[in-house]
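Residue strings, one per chain:
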Amino acid sequence: MRCGKTADDTGYDGADAWAEHSGAHLPYIGTSHTARALDLVRYLLGDERLHYFGVSYGTALGAVYAHLYPSHVGRLVLEASVDPTEDLNEEQLSQVKAVQAAFDRFAAHCAARISHCPTGEGSEEAARRMARLSDRLEKEPAPAGGGRNLDADDLAYTVSDYLDLGTDGWSPLAKAQRVLGPHRRRHVRLPADRTARPRPRLYPNPSCPMRPRPDATIG
């Protein structure tokens, strides 16, 4: 489910549009309903227990499943758990803090270990450079290949995607930031799974409910 009408649509109609076009389905959309659907999948596959790996929102789904069907749980792995006691604003604040902490670790590593580090010396300089880069991309998006451009919103999401890779994402993130320097001549390279996705924002637009993400997988 997306609020935008096209892949490049960044304007969201919000909950009112969902109610207008999918109102009959909304009472049946939620984490508890998805957990029940997972148990139906388990049953139809003939499995005695559900083996589950969940990341981010997938941890909430896995926890609800385990609560509803404790005797059906097999091997259960929950990575990067969300706090079920937080409301949406608190959850987004926690996400912002986590991304900032990850970026500060990257900036410290970059300054100490990477030659000609594009974020400069230390977290404060890195923040200033990122702010200038974001402002520039907002005015003049950079080519990203395939007829796509990278603007300030894409920058935030792309940096977050690289940081999600842990230390494996630090080197390609530094390289991408160099390409986006003032004298760039090449296309910036997005993480592999970004090229096929619609243009998302790093944080949900206040007028649009958080969109489901394919974070959970079952085995």
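Before any of the text, the structure's been laid out above.
Draft legend 1. Spatial organisation of the overall build of the protein. Along the protein, the regular secondary structure elements total 7 helices and 5 strands. Helices and strands in the protein line up, N terminus first, as α-α-β-α-β-α-α-β-β-α-α-β. In the protein, which comprises 219 residues, the share counted as buried stands at 32%. Summarising the internal contacts of the protein: among those between residues at least 6 apart in sequence, 62% fall at separations of at least 24. Summed over all atoms, the accessible surface of the protein reaches about 13,600 Å², with 54% contributed by carbon and sulfur.

Draft legend 2. Structural detail: the pairing of strand β1 (residues 50-55). Burial of the side chains of β1 is restricted to one face: L50, Y52 and G54 are buried, whereas none of H51, F53 and V55 on the reverse face is. Across 5 bridges, the pairing between β1 and strand β2 (residues 73-79) is parallel. Its bridge partner lying in β2, Y52 is registered against L76. Read as a crossover between parallel neighbours, the route from β1 over helix α3 (residues 57-68) to β2 is right-handed.

Draft legend 3. Molecular detail of empty space enclosed by the protein. Counted under the stated rule, the structure contains 1 cavity of 30 Å³ or more. Considered as a void within the structure, the largest cavity measures approximately 50 Å³ in volume. Forming the walls of the largest cavity are 10 residues, and the residues nearest its centre are L155, T158, L173, A176 and L180. Elements with a contribution of two residues or more to the lining of the largest cavity: α6 (152-164) and α7 (170-179). Of the residues forming the lining of the largest cavity, the biggest block, 4 residues, is contributed by α6.

Draft legend 4. Summary view of the environment of D87. Locating D87 in the fold gives a position in the loop between β2 and α4 (88-113). Looking at D87, the relative accessible area reads 42%, which means it is partly exposed. A polar atom in the side chain of D87 sits 2.8 Å from the backbone nitrogen of E90.

Draft legend 5. Representation of the side chain of D151 in the model. Along the chain, D151 falls in the loop between β4 (148-150) and α6. Given a relative accessible area of 12%, D151 falls into the buried group. At a separation of 3.0 Å, a polar atom in the side chain of D151 contacts the main-chain amide nitrogen of D154.

Scoring rules and cut-offs
Residues numbered from 1 in each chain as written. Predicted model: local features only at pLDDT ≥ 70, side-chain atom pairs only at ≥ 80, totals over all residues. Heavy atoms only, no water. Helix = DSSP H or I, 4+ residues; strand = E, 2+ residues; numbered from the N terminus. Buried < 20%, exposed > 50% of the residue type's maximum accessible area, 1.4 Å probe, protein only. Contact = heavy atoms within 4.5 Å. Areas by Shrake-Rupley, 256 points an atom, 1.4 Å probe, with all protein chains shown as cover. Pairing = 2+ DSSP bridges. Right-handed = clockwise from strand over helix to strand, strands pointing away. 1 Å grid on protein atoms, 1.4 Å probe; cavity = no way out; pocket = protein on both sides within 12 Å on 5 of 7 lines; lining within 4 Å. Points joined across faces, edges and corners; volume = space filled by probe spheres on them. Polar contact = N/O pair within 3.5 Å; in protein donor to acceptor, adjacent residues only side chain to side chain.

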